Amino acid sequence: ASMRTVEAAAAGREAGGVRFEQVRRGPDGEIRSVIVHLRAPGLEVSLRVPAHYATGFDELAGFLSGLASHWRGWHGERTYESLEHDLRLTATHDGHVRLVVQLRETSVPDGWSATGTVQLDPGEEMTRAARDVAALLSPPERQPPASGGP
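Keep in mind it's a predicted model, so treat the numbers as computed, not measured.

1. Looking at the overall build of the protein
The helix and strand inventory of the protein stands at 2 helices and 8 strands. Written out in order from the N terminus, the α and β elements of the protein read β-β-β-β-α-β-β-β-β-α. A total of 150 residues make up the protein; the buried ones form 39% of that total. Pairs at least 24 residues apart make up 43% of the contacts formed inside the protein by residues separated by at least 6 positions.

Next comes the structure, spelled out in C-alpha coordinates:
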(Lines give C-alpha, C1' and ligand atoms only; values in the text may rest on other atoms or scores of the structure.)
Protein backbone atom coordinates (compact mmCIF):
# COMPACT_ATOMS: atom_id res chain seq x y z
CA ALA A 1 0.00 0.00 0.00
CA SER A 2 1.45 3.33 -0.97
CA MET A 3 1.13 6.39 1.21
CA ARG A 4 -0.25 9.52 -0.35
CA THR A 5 1.83 12.68 -0.23
CA VAL A 6 0.66 15.57 1.92
CA GLU A 7 2.19 19.04 2.32
CA ALA A 8 0.78 19.61 5.82
CA ALA A 9 -1.23 17.78 8.45
CA ALA A 10 -3.61 19.35 10.92
CA ALA A 11 -5.72 18.35 13.90
CA GLY A 12 -8.47 20.53 15.26
CA ARG A 13 -10.34 23.50 13.91
CA GLU A 14 -9.39 26.94 12.66
CA ALA A 15 -9.98 28.52 16.10
CA GLY A 16 -7.91 25.91 17.89
CA GLY A 17 -5.65 23.33 16.40
CA VAL A 18 -2.19 21.99 15.74
CA ARG A 19 -0.59 21.87 12.29
CA PHE A 20 2.55 20.13 11.08
CA GLU A 21 4.25 21.45 7.92
CA GLN A 22 7.49 22.43 6.16
CA VAL A 23 9.26 19.12 6.66
CA ARG A 24 13.03 19.34 6.19
CA ARG A 25 14.78 16.26 4.87
CA GLY A 26 18.44 15.41 4.62
CA PRO A 27 20.19 14.34 1.39
CA ASP A 28 19.21 10.75 2.17
CA GLY A 29 15.52 11.71 2.35
CA GLU A 30 15.29 11.14 6.11
CA ILE A 31 13.21 13.69 7.98
CA ARG A 32 15.29 16.16 9.98
CA SER A 33 12.56 18.45 11.37
CA VAL A 34 9.03 19.77 11.01
CA ILE A 35 7.39 23.07 11.94
CA VAL A 36 4.59 22.70 14.49
CA HIS A 37 1.99 25.50 14.67
CA LEU A 38 -0.30 25.77 17.68
CA ARG A 39 -3.38 27.96 17.53
CA ALA A 40 -5.78 28.57 20.40
CA PRO A 41 -7.99 31.57 21.24
CA GLY A 42 -5.54 34.46 21.79
CA LEU A 43 -2.49 32.34 20.97
CA GLU A 44 -0.59 31.48 17.81
CA VAL A 45 2.95 30.06 17.97
CA SER A 46 5.26 28.03 15.74
CA LEU A 47 8.37 26.01 16.47
CA ARG A 48 10.69 23.88 14.34
CA VAL A 49 10.89 20.49 16.08
CA PRO A 50 13.85 18.22 15.28
CA ALA A 51 13.24 14.57 14.49
CA HIS A 52 14.58 11.80 16.70
CA TYR A 53 18.02 10.89 15.31
CA ALA A 54 17.18 7.16 15.07
CA THR A 55 13.43 6.94 14.60
CA GLY A 56 12.36 10.22 13.01
CA PHE A 57 8.75 10.89 13.94
CA ASP A 58 7.66 7.23 14.06
CA GLU A 59 6.63 7.53 17.73
CA LEU A 60 4.50 10.62 17.02
CA ALA A 61 2.73 8.88 14.12
CA GLY A 62 2.21 5.79 16.28
CA PHE A 63 0.88 7.87 19.17
CA LEU A 64 -1.75 9.57 16.98
CA SER A 65 -2.64 6.30 15.27
CA GLY A 66 -3.17 4.72 18.70
CA LEU A 67 -5.53 7.53 19.70
CA ALA A 68 -7.51 7.04 16.49
CA SER A 69 -7.73 3.26 16.89
CA HIS A 70 -9.00 3.58 20.48
CA TRP A 71 -11.83 5.93 19.46
CA ARG A 72 -14.17 4.47 22.10
CA GLY A 73 -11.89 5.89 24.76
CA TRP A 74 -9.27 5.06 27.36
CA HIS A 75 -8.61 5.80 31.00
CA GLY A 76 -6.15 8.45 32.13
CA GLU A 77 -3.65 10.28 29.97
CA ARG A 78 -1.58 9.19 26.99
CA THR A 79 1.54 11.20 26.27
CA TYR A 80 4.05 11.72 23.46
CA GLU A 81 7.18 13.81 23.94
CA SER A 82 9.86 14.61 21.38
CA LEU A 83 13.50 13.76 22.04
CA GLU A 84 14.46 17.38 22.83
CA HIS A 85 11.28 17.90 24.94
CA ASP A 86 10.18 20.74 22.66
CA LEU A 87 6.88 19.07 21.70
CA ARG A 88 4.64 17.31 24.20
CA LEU A 89 1.17 15.98 23.46
CA THR A 90 -1.08 14.76 26.27
CA ALA A 91 -4.39 13.15 25.29
CA THR A 92 -7.45 12.37 27.38
CA HIS A 93 -10.83 11.05 26.26
CA ASP A 94 -14.18 12.19 27.65
CA GLY A 95 -16.36 11.51 24.63
CA HIS A 96 -14.04 13.82 22.68
CA VAL A 97 -10.28 13.57 22.41
CA ARG A 98 -8.69 16.47 24.28
CA LEU A 99 -5.14 16.98 23.09
CA VAL A 100 -3.01 19.32 25.20
CA VAL A 101 -0.21 20.60 22.98
CA GLN A 102 2.89 22.10 24.59
CA LEU A 103 5.66 23.73 22.58
CA ARG A 104 8.89 24.70 24.35
CA GLU A 105 11.89 26.57 23.01
CA THR A 106 14.63 24.36 24.43
CA SER A 107 17.51 25.72 22.34
CA VAL A 108 18.14 28.58 24.80
CA PRO A 109 18.14 28.66 28.61
CA ASP A 110 14.76 29.82 29.95
CA GLY A 111 13.19 29.66 26.48
CA TRP A 112 9.48 30.29 26.02
CA SER A 113 6.73 27.73 26.29
CA ALA A 114 3.13 27.75 25.11
CA THR A 115 0.30 25.34 25.79
CA GLY A 116 -3.12 24.99 24.18
CA THR A 117 -5.87 22.40 24.10
CA VAL A 118 -7.28 20.99 20.88
CA GLN A 119 -10.60 19.14 20.93
CA LEU A 120 -11.11 16.40 18.34
CA ASP A 121 -13.96 14.10 17.50
CA PRO A 122 -12.74 10.55 18.16
CA GLY A 123 -13.96 9.09 14.86
CA GLU A 124 -13.18 10.37 11.37
CA GLU A 125 -11.56 13.65 12.49
CA MET A 126 -8.99 11.85 14.68
CA THR A 127 -8.45 9.15 12.04
CA ARG A 128 -7.84 11.75 9.30
CA ALA A 129 -5.37 13.67 11.49
CA ALA A 130 -3.44 10.49 12.35
CA ARG A 131 -3.37 9.38 8.69
CA ASP A 132 -2.21 12.81 7.44
CA VAL A 133 0.55 13.11 10.07
CA ALA A 134 1.77 9.59 9.21
CA ALA A 135 1.83 10.46 5.49
CA LEU A 136 3.61 13.78 6.09
CA LEU A 137 6.23 12.42 8.48
CA SER A 138 6.89 9.02 6.96
CA PRO A 139 10.46 8.14 6.00
CA PRO A 140 11.24 7.68 2.30
CA GLU A 141 10.07 4.44 0.75
CA ARG A 142 12.40 1.67 1.78
CA GLN A 143 13.36 -1.18 -0.47
CA PRO A 144 11.48 -4.36 0.51
CA PRO A 145 13.73 -6.92 2.19
CA ALA A 146 15.20 -9.47 -0.17
CA SER A 147 13.60 -12.88 0.09
CA GLY A 148 16.04 -15.78 0.51
CA GLY A 149 18.23 -16.81 -2.39
CA PRO A 150 20.99 -15.16 -4.43
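Moving on, there is more to tell.
2. Re helix α1 (residues 58-69)
Here α1 contains 12 residues, and its C-alpha end-to-end distance of 16 Å stays within 8% of the 16 Å for a straight helix at 1.5 Å per residue. Here α1 has its buried residues at Leu-60, Ala-61, Phe-63, Leu-64, Gly-66, Leu-67 and Ala-68. On its buried face, α1 is in contact with β2 (16-25), β5 (78-81), β6 (87-93), β7 (97-104) and α2 (124-136).

3. Describing the pairing of β7
Side chains Val-97, Leu-99, Val-101 and Leu-103 of β7 all project onto a buried face; the interleaved residues Arg-98, Val-100, Gln-102 and Arg-104 project onto a face where none is buried. For β6 and β7, the ladder comprises 7 bridges, and the chain directions are antiparallel. Of the residues in β7, the one forming a bridge with Arg-88 is Gln-102. Hairpin geometry of β6 and β7 is characterised by an intervening segment of 3 residues between the two adjacent antiparallel strands and by a positive phi of about 105° at Gly-95. In this structure, β7 lies alongside strand β8 (residues 113-120), joined through 8 bridges in antiparallel fashion.

4. So, the pattern of salt bridges
Tallied over the full model, the rule gives 7 salt bridges. As a salt-bridge pair, Arg-13 and Glu-125 come within 3.4 Å of each other at their nearest N and O atoms. Of the two residues, Arg-13 sits in strand β1 (residues 8-13) while Glu-125 sits in helix α2, which places them 112 residues apart along the sequence. The partly exposed category is assigned to Arg-13, whose relative accessible area is 44%. Classification of Glu-125 as buried rests on a relative accessible area of 12%. Salt-bridge contacts for Asp-94 lead to Arg-98; the nearest nitrogen and oxygen are separated by 2.9 Å. Residue classification places Arg-98 among the partly exposed residues on the basis of a relative accessible area of 29%.

Cut-offs applied
Residues numbered from 1 in each chain as written. Predicted model: local features only at pLDDT ≥ 70, side-chain atom pairs only at ≥ 80, totals over all residues. Heavy atoms only, no water. Helix = DSSP H or I, 4+ residues; strand = E, 2+ residues; numbered from the N terminus. Buried < 20%, exposed > 50% of the residue type's maximum accessible area, 1.4 Å probe, protein only. Contact = heavy atoms within 4.5 Å. Expected span 1.5 Å × (residues − 1). Pairing = 2+ DSSP bridges. Salt bridge = Lys/Arg side-chain N within 4 Å of Asp/Glu carboxyl O.

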